[in-house]
Amino acid sequence: MTDQWWKRAVVYQIYPRSFADADGDGVGDLRGVIDRLDHLAELGVDVLWLSPTYPSPQADNGYDISDYQGVDPLFGTLETFDELLAAVHARGLKLIMDLVVNHTSDEHPWFVASRAGADNPRRDWYWWRPARAGTAPGTPGAEPTDWGAAFGGPAWEFDEKTGEYYLHLFSAKQPDLNWENPEVREAVYAVMRWWLDRGVDGFRMDVINMISKTVNPEDGALPDGRRQAGAAYADGSASYLCGPRNHEFLHEMHEQVFAGRDALLTVGEMPGVTVDEARLFTDPARAEVDMVFQFDHVWADRGPDPRTLVPLRLTRLKAIFNRWQTGLAEVGWNSLYWNNHDQPRAVSRYGDDGPRHRVASAKMLGTVLHLHRGTPYVYQGEELGMTNFPFRTIDDFRDIEALGPYAQAVEQEGRSPEDVLTVLRARGRDNARTPMQWDASPHAGFTAGTPWLAVNPNYPQVNAAAERADPDSVFHYYRRLIELRHTEPAVVDGDFTLLLPDDERLYAFTRRLGATELLVIGNFTGGFVRAELPDAAAWSSAELLLTNLATAPDDLTLGPWQAAVYRRRG
Ligand code: GLC
């Protein structure tokens, strides 16, 4: 049984392509990360999660891997990686890798062999299926199922050579590995052990609740999906999210890879996972993963048709967090995040990114999130209050998840380009991927060359140098939040009680550990709001540990986007 050090930890995610470019080619690299490690040390985080830097054709910015045991020349070499790892460890931090093993690149030698012929020994490492019965292979509608791929088009790609289709839940450049084949699992475990032997401290596992699938019947009678009105393809996720052998595979991985190794951190990315499933995945007694990334709270602003936007209702957001906090209270553990490389910027999404309230609302969102029970993740630039990008046309986007679905929606489904763009501007992943804003020099100090994706034009105001120099910045506030987790045990271990569940303006909860009780309140509006708590009088005289405005709340009346954390004992 390992020490659960990660309960006290804060993780910082680096998306290397957009973090810091040392060689001037416009794309961030590992040398850039090494050069900027002091930023993380100053912030006080404990773990660095590095998004993929493996060799890759970069169809999905490295989430399409063609060699699991190397570094793409775009980012550096294995030697630079080792240097980074040593520098991270020298600062007392840990480093976790991104593990992308639901799929490989179509240029990975495993897939190249698999597609070489139906009798190739690697054929069964991927999901090959014949055309739907009674159809002409390779024609529209002949795909084995009607499932759509996450990045547009069908989830099956026809291969002329053998007349069969392979499954790709993401792009056609990302064929899905067949985890039913024990050779595949062994090959993945060997890769993982190789990185651990090199000294890495764990893994963030990409879409790891998609590895067990129901794609079995060989007779063509495969399960079709659920289809939204007007959609060109169906949602097949019932056949591949948290499939029948998911727990078994993760437990086997634990035994084959992690058992006997200490002080690791494993976190599984799991879109669509339920609380009940997550409790099983993160129950230490079952030995699967330490924690999971669930998606409910970042899907709180989408309608029943996921392609649409609905305004955020705070009561809905609170109910979601409450369900997760209470569901994993006794067994299991939560991860906490607003942002990563797949989500729009939190301050633009759930706060107010205008000049008046950007700083306050970024701090308020950070407070509410970090004071929950779980391990917080900070995504590069979140600690600066970086905002969404003012995208105008589809030509401003680079992300495969924007371009593919846009083409499908406009060309195949006849939706209006402006409607599709409205959703992309609000939700598009490129919002998170614009270069890190280091200072007020050209391209925000990210590169001496031309950045691969434009820098947000607000960089002269919003940048790390300016924020480090300003004690009232989002950066220094995040530093204090992280410090609070390291110094106040109730933040780590305290139980969680949601207050005011029906209030659309305030987010309030308590955390209690022994004789210590914390009260956390966040104002999700630009007005003054009083927290009508039963024991308001007692709380208003409690010790104010942290607030984000110059003036403390008077009688629990919070100012615009104000957050406050109180502590009382006894
Ligand atoms: C995960 C990654 C995302 C990627 C996808 C396919 O959701 O976070 O960036 O596109 O998996 O690998």
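Cut-off values and rules
- Residues numbered from 1 in each chain as written.
- Predicted model: local features only at pLDDT ≥ 70, side-chain atom pairs only at ≥ 80, totals over all residues.
- Heavy atoms only, no water.
- Pairing = 2+ DSSP bridges.
- Helix = DSSP H or I, 4+ residues; strand = E, 2+ residues; numbered from the N terminus.
- Axes fitted to C-alpha atoms, helices over the stretch in contact; angles between N-to-C directions.
- Near = heavy atom within 4 Å.
- Polar contact = N/O pair within 3.5 Å; in protein donor to acceptor, adjacent residues only side chain to side chain.
- Areas by Shrake-Rupley, 256 points an atom, 1.4 Å probe, with all protein chains shown as cover.
- Expected span 1.5 Å × (residues − 1).
- Buried < 20%, exposed > 50% of the residue type's maximum accessible area, 1.4 Å probe, protein only.
- Arc of directions from axis to C-beta.
- Contact = heavy atoms within 4.5 Å.

Draft legend 1. Representation of the sheet that holds strand S18 (residues 563–569) in the model. Reading across from one edge, S12-S13-S14-S18-S16 is the order of the five strands in this open sheet, with antiparallel pairing throughout. If you trace the sheet from one side to the other, it starts and ends with strand S12 (495–499) and strand S16 (543–547), each paired once. Sheet twist, expressed as the mean angle between neighbouring strand axes with direction ignored, is 20 degrees. Judged from the five bridges that link them, S12 and strand S13 (residues 506–513) form a sheet pairing that is antiparallel. The residue bridging Thr497 from the neighbouring strand is Thr510, located in S13.

Draft legend 2. Region of interest: the site of the ligand. Inspection of the region around the ligand gives 13 residues, with Asp60, Asp206, Glu269, His341 and Asp342 positioned closest. For the ligand, an oxygen atom lies 2.5 Å from a polar atom in the side chain of Asp342. In this structure, Arg429 approaches the ligand through a side-chain N or O atom, which is 2.9 Å from an oxygen atom. Protein burial of the ligand: of its 310 Å² of free accessible surface, 96% is covered by the chains.

Draft legend 3. Structural context of helix H6 (residues 246–258). Here H6 spans 17 Å end to end across 13 residues, near enough to the 18 Å set by a 1.5 Å rise per residue. Buried within H6 are the following residues: Asn246, His247, Phe249, Leu250, Met253, Val257 and Phe258. An end-on view of H6 places all buried positions within 165 degrees of arc, on one side of the element. The positive-phi residue at the C-terminal boundary of H6 is Gly260, with phi of around 85 degrees.

Draft legend 4. Looking closely at the environment of Val492. Mapped onto the elements of the fold, Val492 is located in helix H16 (residues 489–493). Sequence-distant contacts of Val492, that is, excluding residues within four places in its chain, are made with Lys7, Arg8, Trp333, Arg373, Arg485 and Arg511.

Draft legend 5. Unusual backbone geometry, seen in detail. In this model, Asn61 sits at a positive phi of 50 degrees, which is unusual for a non-glycine residue. Within the element layout of this structure, Asn61 appears in the loop between strand S2 (47–50) and helix H3 (78–90). We classify Asn61 as buried; its relative accessible area is 13%. Not every positive phi belongs to a glycine, and Cys242 is a case in point at roughly 50 degrees. Inspection of the secondary structure puts Cys242 in the loop between strand S7 (202–205) and H6.

Draft legend 6. Spotlight on the sheet that holds strand S6 (residues 164–167). If you walk across this open sheet you meet the three strands as S4-S6-S5, and the pairing is antiparallel. Bordering the open sheet on either side are strand S4 (128–129) and strand S5 (156–159), each of which pairs with just one other strand. Of the pairings in the sheet, the one linking S4 to S6 comprises two bridges and is antiparallel in character. Looking at the pairing, Trp128 lines up with Tyr166 of S6.

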